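# Fold and geometry: a report
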Amino acid sequence: MNILILGSGGREHALAWAVMQNPKCDKLIVAPGNAGIAMIADCAALDIEDGGSVVTFAEENSIDFVIVGPEAPLAAGVADRLRDAGLLVFGPSAEAARLEASKSFTKEICDAASAPTAAYGHFTDAEAAKAYVRDQGAPIVVKADGLAAGKGVIIAETVAEAEAAIDDMFGGAFGGAGAEVVIEEFMQGEEASFFVLCDGTDVLPIGTAQDHKRVGEGDTGPNTGGMGAYSPAPVMSDAVIAKAMNEIIKPTMAEMANRGTPFQGILFAGLMIENGQPRLVEYNVRFGDPECQVLMMRLGGQAFDLLHACAEGRLAEARVNWADDHALTVVLAAKGYPGSYEKGTVIQGLDGLPEDSFHMMFHAGTSEKDGRTTATGGRVLNATARGATLQEARDKAYAMVDQVNWPDGFCRRDIGWRAL
């Protein structure tokens, strides 16, 4: 099969790596890709949020199957355009993608489905939002309603912090994503990521993970897109998974189908677990980044078969074959991230790294210039490893980190600390 993956980050490098392990893959193109992806697949310059351009490219290149990586093209309706053109695609419609694109929409769905989640208020006016915060007290969570690349969530420890976050959001700090704001109860517990394939009718859990959102060690400092992750998540016991499926995932999928907008793709549920009871923090409609890296490292080539079955509506017959192992990834980011950072710095030491089913350096924000790998983003590399234990996976990942020569980068040295 000829396969097209849309995206350019570490998530897409991990997806490409897993797809390439499967013998059904004859040709793989990733648009636009990055320097690491270019080592294993063809890369193509393409505006992945322009559905018409993606359809034309897919038709001209005899693509059999399109996998949409990031949320932005899904929210822009690219999967709809591909389906309208008769192409097989993995990823939800724009209407179903509102589960990520609008936090207030997700709350509305949770209310209708009686899915346990945080108490909340939805606001289009700063003064009303501040009044709600003063009434509720702190700590409290302030969220930009729209897509903000994983950064539009402020956990305010004081009322003053919450009011400042509200002013920032309505003042344009997150662009159009902050034109509306959702303010939530601060939930106590341990957070985990739960990944479920949905084909509009059937659902299939395919893995759990935990990531590290804060930039600093000990989970301190501002939120980022994610500084590292590991799989499986110890807090996601069989009992918690069953509760999450029965009380959150299945009711949500039923409500989406009832509305005439069935969900097809990967549903990534961020859960808060306290005393064995999961509550929904948020939904994402694509694989997490960096959670995808650890999931793909554990799934390998079967990942393609699962995504393909999902796109064709065959999930009822699909099975996940997990090895009894662990995976961990460490994000190497540009100094200054998640604030301002320098682009174009040179990264050395990548050539000698191991690349096999137990070690991979997935690229995120990289390009090649004059034969050298340069950093082009905030989160730049993902040192990812598998092991029989989480400690073994962690040791392998940090051994890879230590071989990289990049004075302009940094990483957290405590990924996995909660589980270990």
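Refer to the preceding data block for the structure.
Everything numeric in this text was worked out from a predicted model, so none of it was measured.

Thresholds, definitions, all that
- Residues numbered from 1 in each chain as written.
- Predicted model: local features only at pLDDT ≥ 70, side-chain atom pairs only at ≥ 80, totals over all residues.
- Heavy atoms only, no water.
- Helix = DSSP H or I, 4+ residues; strand = E, 2+ residues; numbered from the N terminus.
- Rg over C-alpha atoms; globule rule 2.2 N^0.38 Å.
- Buried < 20%, exposed > 50% of the residue type's maximum accessible area, 1.4 Å probe, protein only.
- Areas by Shrake-Rupley, 256 points an atom, 1.4 Å probe, with all protein chains shown as cover.
- Axes fitted to C-alpha atoms, helices over the stretch in contact; angles between N-to-C directions.
- Parallel < 35°, antiparallel > 145°, perpendicular 65-115°, else oblique.
- Contact = heavy atoms within 4.5 Å.
- Nonpolar A, V, L, I, M, F, W, Y, C, P; charged D, E, K, R; others polar.
- Core = buried A, V, L, I, M, F, W, Y, C linked by side-chain atoms within 4.5 Å.
- Pairing = 2+ DSSP bridges.

Moving on, we come to the overall build of the chain. If you tally the helices and strands in the chain, you get twelve helices and 23 strands. Compactness check: the chain gives a C-alpha radius of gyration of 20 Å against a globular reference of 22 Å for 420 residues, within 12% of the reference. Principal-axis analysis of the C-alpha atoms places the extent of the chain at approximately 55 × 50 × 40 Å. Residue burial in the chain is summarised as follows: out of 420 residues, 58% are buried. Entry remark: accessible area of the chain is about 15800 Å², with carbon and sulfur atoms responsible for 46%.

Let's shift gears to the packing of helix α6 (residues 103-113) against helix α9 (residues 238-258). Relative placement of two packed helices is described by the angle separating their axes and the distance separating the axes. Running from amino to carboxyl end, α6 crosses α9 at an angle of 100°, the nearest separation of the two axes being 9 Å. Here α9 runs roughly perpendicular to α6, going by the angle between their axes. Together, Phe105, Ile109, Ala112 and Ala113 of α6 and Pro251, Thr252, Glu255 and Met256 of α9 make up the contact between the two elements. Here the contact of α6 with α9 is built from residues that sort into six nonpolar, one polar and one charged.

If you look at the biggest cluster of nonpolar residues, it comprises 49 residues, and the most contacted ones within it are Leu4, Leu6, Leu99, Phe194, Met236, Ile249 and Leu271. The element that contributes the greatest number of residues to this core is α9, accounting for seven residues. Sequence-distant contacts of Leu6, defined by excluding residues within four places in its chain, comprise Glu12, Ala31, Leu46, Ile48, Val54, Val66, Ile67, Val68, Gly69, Pro70 and Val78.

Let us now look at the sheet that holds strand β18 (residues 346-347). The sheet built from three strands is open, its strands ordered β18-β21-β20 with antiparallel pairing. Of all strands in the sheet, those bounded by a partner on one side alone are β18 and β20 (366-369). Pairing between β20 and strand β21 (residues 372-375): four bridges, direction antiparallel. The residue bridging Glu368 from the neighbouring strand is Thr373, located in β21.

A few words now on the sheet that holds strand β6 (residues 120-123). Note on sheets: strands pair through backbone hydrogen bonds, and any given pair is parallel or antiparallel. Strand order in the open sheet made by the four strands is β6-β9-β7-β8, with antiparallel pairing throughout. The open sheet has two free edges, formed respectively by β6 and β8 (153-156), since each of these has just one partner strand. Neighbour-to-neighbour, the strand axes of this sheet turn through a mean angle of 20°, independent of strand direction. Summarising the sheet, strand β7 (residues 140-144) and strand β9 (residues 181-185) pair through five bridges and their orientation is antiparallel. Its bridge partner lying in β9, Val141 is registered against Glu184. Against the sheet, helix α7 (residues 126-136) engages β6, β7 and β9, with an angle of about 165° to β6. Together, β6, β7, β8 and β9 form the strand contacts of helix α8 (residues 159-170), whose direction differs from that of β7 by roughly 5°.

It is worth spelling out the pairing of strand β16 (residues 277-284) at this point. In terms of strand pairing, strand β15 (residues 264-274) meets β16 through seven bridges, oriented antiparallel. Note that in β16 the partner of Leu271 across the bridge is Leu280. The loop that links β15 with its antiparallel partner β16 comprises two residues; one of these, Asn275, has a positive phi angle of about 55°.

These results come straight from atomic positions and should not be treated as a statement about function.
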